[in-house]
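Per-entry structural report
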Amino acid sequence: MPVTHYRSCSLCEATCGVAIEVEGDRVVSVRGDAADPFSKGYICPKGTALADLHHDPDRLRKPMRRDGDTWTEMAWDEAYDYVGSQLTAIRAQHGPDAIAVYQGNPTVHNLGLVTFGQLALRTLGTKNMYSATSLDQLPHMLAALMMFGNQLLMPVPDIDRSDLFICLGANPLASNGSIMTAPDVKGRLKAIRDRGGKVIVLDPRRTETADKADRHVFIRPGSDAVLLLAMIHELFAAKLVKLTVPATGLEELRAASATWTPERAAPITGVPAAEVRELARALATTPRAVLYGRIGVCVQEFGGLAAWLCYAINALTGHLDTPGGLMFTTPAIDPLPLAAMFGFDGGFARWKSRVSGKPEFGGELPVTVLAEEIETAGPGQVRALITCAGNPVLSTPGGPRLERAIRGLDFMVSIDPYMNETTRLANVILPPSSVLEHSHYDVALAAFSVRNVAKYSPPLFERHADARHDWEICLALWSRLGLPGKLPRFAQQVVTRLFGKLGPETVLELGLRTGPYGLRRGRHGLSLAKMRAHPHGIDLGPLEPRLPGRLGTKDHRVHLAPRTYLEDLPRLEKVAGKPQSSELIMIGRRHLRSNNSWMHNSERLVKGPDRCTLLIHPEDASNRGITAGGRARIATALGSIELAVEITDEMMRGVVSVPHGWGHHRKGARLSIAATVAGESVNDVIDPARIDALSGTSALTGQPVEVTRAP
Ligand SMILES: Nc1nc2c(c(=O)[nH]1)N[C@H]1C(S)=C(S)[C@@H](COP(=O)(O)OP(=O)(O)OC[C@H]3O[C@@H](n4cnc5c(=O)[nH]c(N)nc54)[C@H](O)[C@@H]3O)O[C@H]1N2
Ligand SMILES: Nc1nc2c(c(=O)[nH]1)N[C@H]1C(S)=C(S)[C@@H](COP(=O)(O)OP(=O)(O)OC[C@H]3O[C@@H](n4cnc5c(=O)[nH]c(N)nc54)[C@H](O)[C@@H]3O)O[C@H]1N2
Ligand code: SF4
Ligand SMILES: [Mo]
């Protein structure tokens, strides 16, 4: 008899409820859980692939050790001891900074990794901490720190109560939303239109989201800060500024926008002046409205400025901390104290990277400096690397250089279920238990959810006796490495054993009880037992105003114009004045059936047409003799890749689009299905030196490329 289990899908930020039917040790079906109060039965095709991940024969089940090209299985204790002794020796000889850590995106979706994993990896005493943050949301976190006083206080669009949703540099119909946890964004956007509201998308590509909007406006890549300054200029000029939160910096913001008339901005952004005025007016005069910016505004040369201005413009139009606007959540487990407890401290530019002086953020360096920190000799040189839940050879710009650097390391260990393009370079791979073998609670994502919700998922399958959870692996390594020089070895082991006994459930219990819906609500407050009794999750209601109480700024005000940003404005002036280049500009794209670099080993997801293609406007194609069904070479100073071409007027003229996370032909990876749909890695040709100079975030979008017809 099949048994149905309910849990959250942890594959993207939407946190949909799934109903998984199991017979013995096989998953029979995965469906949307209609009783989940948040997702109400919605799932995307990736949700179904949870079964594929669990049963994938390519998924590693035992620690693996590489000698040359040969891999052999190891027992866990043997593997831990070996990795521990290698890393300890490197640290003893070269100091703690010689060990670098890279944490990838799935970390955020894994309860064990956001709790004990952080504790273990962030307390190794190395300055060489890296993660996907600097390829992603760093500018939003920086703006949250600068404006609201805590890097985790990123406000989210109150999409369900908004009557105007301006979407800048995000494509939630493909991505399912980001820093906006909202299952079924498509349905939620439709609801806006059904209640008479409007959805407007500004994007260099007429995306899947734009197709469902009232209006789509092309915007030139990298020009969002200019657009936003021009909108802010118009707000001041038309006396439409309406502050509803305690704030400082209004006059500085007025001054900063003074020269950015919509007319001046138009040739830079490609957005006509009349359109800018209309957008500003609509945002200011619609009582419930929001401007939502996401990765397109972050991963560009002016990502810092653009992310700041996205928040600022909502504040200026009375849409910060108000229903239908950009709001702060009240999650059942408050991640702010938790993050502090687990070693994630806020701060910016407290130190600089050794080789090229890039700023630290939140205790991490931008991943763009990892290769040079490995390759440049001298005190503090990186000699060993720990990767966890990441694939930086494909996901970071200049992947081939990073690969070369990694090959020169003394030692590398990867905590990852797959032998992928990065982990195949490791000396040891430590594969964690499967996604269905551990418990789950979206500690991180519930804090960015458009409704306050709580859901606990117990493990669906018992962990195999010879499997280890991510957090157990992290703790085991920590017990062998520990805080450099701070704790005696036996104390480390005692601490680890204690945490090992407690498990992440203890953190949940503590978080729920001390959180806003816990003990202070008395007998009926949230606890782990209560969560277990509600397997579909608990709805805690719509978002509520949180200011000024929630602010972490010393003066309890929103800082509209932090100096960090004002000092970066001259850089924008300089670049904005330059004539447009005649080269094509490349942007990225996501597909609903893909997930960064790592779900291409699911047959059901990758079947169908080639998705790793170049999108190009018909005129740009014909100017280059590129024809439909043909192939094109995309070249930069770093090299070139060749891809099949799709000619489409959904692209802005002068802009081409290539997705990331492909390139599965590399020798030595064990991804048998992905290898049949290999594609090419766009990060082979994206220049790692292109960054947002303010924040250190990689400028993944806006790369100038030469596109020619492939012979
Ligand atoms: N050109 C370009 N590059 C980009 C982007 C872009 O838009 N354009 N996007 C960037 C963004 S936003 C991101 S977040 C990064 C993502 O880049 P990364 O975080 O470096 O890598 P992923 O492709 O997400 O690979 C995730 C890895 O984690 C493993 N994994 C999955 N689940 C688990 C788990 O539970 N435990 C462990 N230990 N491992 C697990 C998978 O097997 C896989 O190897 O890519 C960035 N790179
Ligand atoms: N199916 C699927 N879902 C995912 C992922 C995935 O790989 N696949 N990845 C997950 C991750 S790690 C993340 S971070 C989120 C990201 O979630 P989103 O931010 O929604 O990501 P994208 O779909 O890449 O949308 C970015 C949009 O910005 C546009 N753009 C590019 N450059 C510019 C620019 O300079 N200005 C403006 N205004 N727009 C620009 C692109 O055309 C694109 O439509 O998605 C998550 N969800
Ligand atoms: S939208 Fe995200 S959370 Fe929902 S089923 Fe798809 S991958 Fe899972
Ligand atoms: Mo991301």
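Because the structure is a prediction, the values reported are computed rather than measured.

Nonpolar side chains tend to gather and get buried jointly when the protein is soluble and globular. One finds Phe148, Phe165, Met231 and Trp308 to be the most contacted residues of the largest nonpolar core, which totals 130 residues. Mapping this core onto the domain boundaries places at least three of its residues in each of domain 2 (83–135 + 366–541) and domain 3 (158–321). Setting aside its immediate chain neighbours within four residues, Phe148 contacts Ala143, Leu153, Pro155, Tyr311, Leu320, Phe328, Leu551, Gly552, Thr553 and Val558. Judged by nonpolar contacts, the second largest core, of 30 residues, contains Ile99, Leu113, Leu121 and Ile386.

A word on the domain arrangement of the protein. Per the domain assignment, the segments of the protein are domain 1 (3–55), domain 2 (83–135 + 366–541), domain 3 (158–321) and domain 4 (581–709). With centres defined by C-alpha atoms, the gap from domain 1 to domain 4 works out at 30 Å. The partner domain 4 presents nine residues to the nine residues of domain 1 that form the contact. The largest share of the area that domain 1 buries against domain 4 comes from Pro45, Lys46 and Asp52, three residues that together contribute 56% of it. Put simply, domain 1 and domain 4 have one salt bridge between them. The closest approach of N and O atoms between Arg604 and Asp52, which form a salt bridge, is 2.6 Å. The interface formed by domain 1 and domain 4 contains four residue pairs in polar contact (both at pLDDT 80 or more). Elements supplying a minimum of two residues to the side of domain 1 that touches domain 4: helix 1 (45–48) and helix 2 (50–55).

Okay, the site of ligand 2 next. Near ligand 2 there are 31 residues, and of these Ser175, Asp203, Asp224, Ser594 and Asn596 occur at the shortest range. Contact between ligand 2 and Asp224: a nitrogen atom at 2.6 Å from a side-chain N or O atom of the residue. In this structure, His591 approaches ligand 2 through a main-chain N or O atom, which is 2.8 Å from a nitrogen atom. It is helix 6 (residues 172–175) that provides the largest number of residues to the shell around ligand 2, a total of three residues. For the shell around ligand 2, the class distribution of residues is 11 nonpolar, 14 polar and six charged.

Along the polypeptide, Arg550 turns up in the loop between strand 23 (538–542) and strand 24 (558–559). Its relative accessible area of 12% is what places Arg550 among the buried residues.

For helix 18 (residues 399–407), the set of buried residues is Gly399, Leu402, Glu403, Ala405 and Ile406. Looking down the long axis of helix 18, one finds its buried residues gathered within 165° of arc, a one-sided arrangement. In helix 18, the exposed residues that point more than 90 degrees away from the buried face are Arg404 and Arg407. Packed against the buried residues of helix 18 are helix 16 (370–375), strand 17 (384–388), helix 17 (392–395) and strand 18 (411–415).

The next subject is the sheet that holds strand 3 (residues 26–32). Read from one edge to the other, the open sheet built from three strands follows the order 1-2-3, with strand pairing classed as antiparallel. Only two strands of the sheet have a single partner each, and these edge strands are strand 1 (3–8) and strand 3. Direction aside, neighbouring strands of the sheet carry axes that sit 30° apart on average.

Analysis parameters
- Residues numbered from 1 in each chain as written.
- Chains lettered and ligands numbered in written order.
- Predicted model: local features only at pLDDT ≥ 70, side-chain atom pairs only at ≥ 80, totals over all residues.
- Heavy atoms only, no water.
- Core = buried A, V, L, I, M, F, W, Y, C linked by side-chain atoms within 4.5 Å.
- Buried < 20%, exposed > 50% of the residue type's maximum accessible area, 1.4 Å probe, protein only.
- Domains from an automatic or database assignment.
- Contact = heavy atoms within 4.5 Å.
- Buried area = accessible area lost by both parts, 1.4 Å probe.
- Salt bridge = Lys/Arg side-chain N within 4 Å of Asp/Glu carboxyl O.
- Polar contact = N/O pair within 3.5 Å; in protein donor to acceptor, adjacent residues only side chain to side chain.
- Helix = DSSP H or I, 4+ residues; strand = E, 2+ residues; numbered from the N terminus.
- Near = heavy atom within 4 Å.
- Nonpolar A, V, L, I, M, F, W, Y, C, P; charged D, E, K, R; others polar.
- Arc of directions from axis to C-beta.
- Pairing = 2+ DSSP bridges.
- Axes fitted to C-alpha atoms, helices over the stretch in contact; angles between N-to-C directions.

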